[in-house]
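One letter stands for each residue in the lines below.
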Amino acid sequence: EDQVTQSPEALRLQEGESSSLNCSYTVSGLRGLFWYRQDPGKGPEFLFTLYSAGEEKEKERLKATLTKKESFLHITAPKPEDSATYLCAVQAPSGNTPLVFGKGTRLSVIA
Amino acid sequence: NAGVTQTPKFRVLKTGQSMTLLCAQDMNHEYMYWYRQDPGMGLRLIHYSVGEGTTAKGEVPDGYNVSRLKKQNFLLGLESAAPSQTSVYFCASTRQGNEQFFGPGTRLTVL
């Protein structure tokens, strides 16, 4: 059974304090790993897709990396507006297979 | 483009009442999904559709029915609502293998 575990459940950072969120996954073959951001009361917003081990993608203060067992979302010098819940999801190789989501990491950045 | 829209945004039902949630997308996506999101449980897939006229069960399908009569619309029905169905419901759509686009959510309370 495909599984996704995110850690920590919650993270509190001071503004400018860099850190990383972890997404560990178990899937029989990986078609893609997806990162989303979710603000309170809103739907998840797409951030990145990673397809193969060693791949990295960046967007502003965020950088996502992928290994064969896990993905990291690195946040460099975070600002209060980066506060949100970050969700990770994986998709198995079959094109019809739905995403399997982790429970998310709730990030709070304090000014 | 409006993207993915959901109707209604909020609803309060009494136990045993029925209702239909509507999801519409204007991106010509083949795949559409219904999720529920509960505190501590993450996003759980209820039903999904890989094309007009097709539907499939997800992780938590009991108590729900769906229909995809038109490519752009995906309906989620609750025939006899129960308090356990109190949740936030999200619809999403995608082309095969790509990132999912989410709607803003419907907050449902069943008394």
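About the thresholds
Residues numbered from 1 in each chain as written. Chains lettered and ligands numbered in written order. Predicted model: local features only at pLDDT ≥ 70, side-chain atom pairs only at ≥ 80, totals over all residues. Heavy atoms only, no water. Pairing = 2+ DSSP bridges. Helix = DSSP H or I, 4+ residues; strand = E, 2+ residues; numbered from the N terminus. Axes fitted to C-alpha atoms, helices over the stretch in contact; angles between N-to-C directions. Buried < 20%, exposed > 50% of the residue type's maximum accessible area, 1.4 Å probe, protein only. Contact = heavy atoms within 4.5 Å. Buried area = accessible area lost by both parts, 1.4 Å probe. Salt bridge = Lys/Arg side-chain N within 4 Å of Asp/Glu carboxyl O. Polar contact = N/O pair within 3.5 Å; in protein donor to acceptor, adjacent residues only side chain to side chain.

Residues and elements named next belong to chain A. Pairing is antiparallel across the open sheet formed by 5 strands, whose spatial order is 1-3-8-7-6. Single-partner strands in this sheet number two, and they are strand 1 (3-7) and strand 6 (56-59). Averaged over all neighbouring strand pairs, the angle between strand axes comes to 15°, with direction disregarded. Bridge count for strand 7 (residues 62-66) against strand 8 (residues 70-75) is 5 bridges, and the pairing is antiparallel. When the bridges of strand 8 are listed, L62 appears paired with I75.

Right, let's talk about unusual backbone geometry for a bit. For the peptide bond that leads from S7 of chain A to P8 of chain A, omega is -10°, which places it in the cis range. Looking at the secondary structure, you find P8 of chain A in the loop between strand 1 and strand 2 (10-14). Residue P8 of chain B is bonded to the preceding T7 of chain B through a cis peptide linkage, with omega at -5°. Along the chain, the position of P8 of chain B falls in the loop between strand 1 (4-7) and strand 2 (10-13). Residue A77 of chain A is not a glycine yet carries a positive backbone phi of 45°. Residue position: A77 of chain A is located in the loop between strand 8 and strand 9 (84-91). In this model, N28 of chain B sits at a positive phi of 60°, which is unusual for a non-glycine residue. Mapped onto the elements, N28 of chain B comes out in the loop between strand 3 (19-25) and strand 4 (31-38). Overall, the relative accessible area of 48% leaves N28 of chain B in the partly exposed class.

This next bit is on the interface of chain A and chain B. The interface of chain A with chain B comprises 20 residues on the first partner and 21 residues on the second. Summed over both partners, the interface of chain A with chain B comes to about 1,500 Å²; 55% of that surface belongs to carbon and sulfur atoms. At the surface where chain A touches chain B, the tally comes to 0 salt bridges. Applying the counting criterion to the chain A and chain B interface returns 2 residue pairs in polar contact (both at pLDDT 80 or more). For the side of chain A that touches chain B, the secondary structure elements donating two or more residues are strand 4 (32-38), strand 5 (45-50) and strand 9 of chain A.

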